[in-house]
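Notes for the structure review
Chain residues, written in single-letter form:
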Amino acid sequence: MEEKLAKTCLHDRHVKQGAQMSPFGGFDMPIQYKGITEEHNAVRQKVGVFDVSHMGEVRISGPDAYKYVSHIFVNDVTGAPDGQIFYGMMCYENGGTVDDLLVYKVTDYEYFLVINASNIDKDVAWIEKNSEGFDVRVENLSDYYAEVAVQGPHAEDTVEKVLGLKVKDIAFYNFKVFDIGVEEIIVSRTGYTGEDGFEIYGSHGYIQSVWDRLMEAGVQPCGLGCRDTLRFEVGLPLYGDELSPEITPLEASLSMFVKLDKPNFIGKEALAKQKEEGVKRRIVGLELEGNAIPRHGYPVEVDGKQVGEVTTGYRSISTGKSVAMAMIEKPYDKLGTQVEVRIRKKTFPATVVKKRFYDKNYKK
């Protein structure tokens with residue numbers, strides 16, 4: 001039986017605009033409009049807008065909110081000012097990744113979690129299960145909130161002029177709540193593209209009006225195709241590729257977000273042990289010679305022996321190089337190591353490089 005796909009509140013607009021639609025995370029989502037290259041370049045050079053209403057939102061509130069978020073989140077939210085955002089992971093006891101997420105600190109008694117679309121049901125069940133014994137309320141707000149991401153060097157200008165929202169003073173990885181009369185909306189300054197940008201969360205009706213105004217202003221609608229090429233070029237992970245229940249944050253080369261010096265959190269023991277013993281494999285960057293394009297799952301070899309596999313690979317739109325992120329066994333993960341990527345029956349020489357193939361352009 002075919003899985004029934006969910007639709008975002010902007011679905012009809014995407015179809016009307018001729019977007020190529022495809023299943024993603026249980027939703028019928030736009031992959032591209034004009035084309036991945038054109039949309040990718042719009043975000044790198046000017047501005048583009050993404051429908052990211054498929055993402056999940058969970059509110060944790062109550063007297064133990066801080067204590068509970070600290071218990072399930074690997075990053076440290078201690079002493080953070082209201083309005084700050086943290087990136088990190090929730091982990092299983094064995095250190096494997098439940099999900100990577102953003103934690104918005106509203107107050108010490110309220111936090112707003114943004115989780116991946118494909119993990120909403122699993123994450124919410126896990127969050128609720130682990131909240132036993134804490135004086136908190138867990139609310140799944142995923143059906144209420146719709147969300148768009150406005151990304152690119154012209155994002156600030158666009159949000160201020162087209163949408164009339166004063167966002168200039170929102171610092172990177174911070175958010176503000178705006179009272180627009182009929183409802184309160186959340187505007188944050190993060191992103192998944194390596195460019196400056198904003199996420200706007202609101203009711204379905206409000207986000208539809210935001211989309212329509214951006215379209216009238218000539219902002220390029222962007223699909224999930226270029227969202228992937230953009231995040232990949234700046235070394236940002238995708239759950240299911242670079243992170244999973246089988247891949248710990250340390251193996252994903254994301255140890256900077258794991259604060260092992262904070263009080264106990266789920267998975268801390270396993271991660272501390274892994275750090276002490278050293279990871280046996282980790283995510284690195286690869287640069288291939290020539291034009292061959294590496295894809296997810298392609299084997300990485302040394303002298304005919306498999307030592308890893310590609311997690312994400314593309315011909316980078318911004319640099320023109322064939323590059324990949326790959327999970328590689330030690331000691332072949334060192335920068336400059338020569339390996340080969342098997343593409344069908346042939347192998348292509350590649351070099352281990354940093355997994356950021358393009359420099360981020362966030363607002364300082």
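Everything below is about the structure shown above.
First things first, this report covers the structure right here in the doc.

What counts, and where the lines are drawn
- Residues numbered from 1 in each chain as written.
- Predicted model: local features only at pLDDT ≥ 70, side-chain atom pairs only at ≥ 80, totals over all residues.
- Heavy atoms only, no water.
- Buried < 20%, exposed > 50% of the residue type's maximum accessible area, 1.4 Å probe, protein only.
- Helix = DSSP H or I, 4+ residues; strand = E, 2+ residues; numbered from the N terminus.
- Salt bridge = Lys/Arg side-chain N within 4 Å of Asp/Glu carboxyl O.
- Contact = heavy atoms within 4.5 Å.
- Pairing = 2+ DSSP bridges.
- Phe/Tyr/Trp six-rings, centres within 6.5 Å; stacked < 30°, edge-to-face > 60°.
- Lys NZ or Arg CZ within 6 Å of the ring centre and 35° of its normal.

Turning to helix α7 (residues 224-233), a few remarks are in order. An α-helix turns once every 3.6 residues. As a result, residues three or four positions apart point the same way. Most of α7 is tucked away, with 10 of its 10 residues classed as buried. Regarding α7, the residues found buried are Leu224, Gly225, Cys226, Arg227, Asp228, Thr229, Leu230, Arg231, Phe232 and Glu233. Residue Gly235 follows α7 closely and has a positive phi angle near 75°.

Turning our attention to the pattern of salt bridges. One pass over the structure, following the stated rule, counts 25 salt bridges. Salt-bridge contacts for Glu110 lead to Arg59; the nearest nitrogen and oxygen are separated by 3.2 Å. Placement of the pair is Glu110 in strand β7 (residues 110-115) and Arg59 in strand β4 (residues 56-61), with a sequence separation of 51 residues. If you follow the salt bridges from partner to partner, you end up with Glu156, Glu160, Lys168, Arg189, Asp196 and Lys363 in one network.

With that out of the way, let us pick up the environment of Leu288. With respect to the element layout, Leu288 can be found in strand β14 (residues 281-288). What makes Leu288 buried here is its relative accessible area of 6%. Placed 34 residues apart in sequence, Leu288 and Ser322 show a C-alpha to C-alpha distance of 5.4 Å. Those residues in contact with Leu288 that sit more than four places away from it in its chain are Pro294, Ser322, Val341, Ile343, Phe348, Pro349 and Ala350.

Turning our attention to the pairing of strand β1 (residues 20-24). Bridge count for β1 against strand β2 (residues 27-32) is five bridges, and the pairing is antiparallel. Bridge pairing in β2 links Gln20 to Gln32. Connecting the antiparallel pair β1 and β2 is a turn made up of two residues, with Gly25 showing a positive phi of about 60°.

If you walk through the whole model with that rule in mind, you get 14 aromatic pairs. Between Tyr92 and Trp126, the aromatic rings sit 6.4 Å apart at their centres with planes inclined by 80°, giving edge-to-face as the arrangement. Taken together, the residues Tyr92 in the loop between β5 (85-91) and β6 (97-107) and Trp126 in helix α4 (residues 120-129) connect sequence positions 34 residues apart. Owing to a relative accessible area of 25%, Tyr92 belongs among the partly exposed residues under this scheme. Relative to Phe112, the ring of Tyr104 has its centre 5.5 Å away and its plane inclined at 80°; by these criteria the two rings are edge-to-face. Assigned by exposure class, Tyr104 and Phe112 land together as buried. Grouped by ring-pair contacts, the aromatic residues Tyr104, Phe112, Tyr144, Tyr145, Phe175 and Tyr201 constitute a single cluster. For Arg227, the ring lying beneath its charged end belongs to Phe50, and the centroid distance is 5.9 Å.

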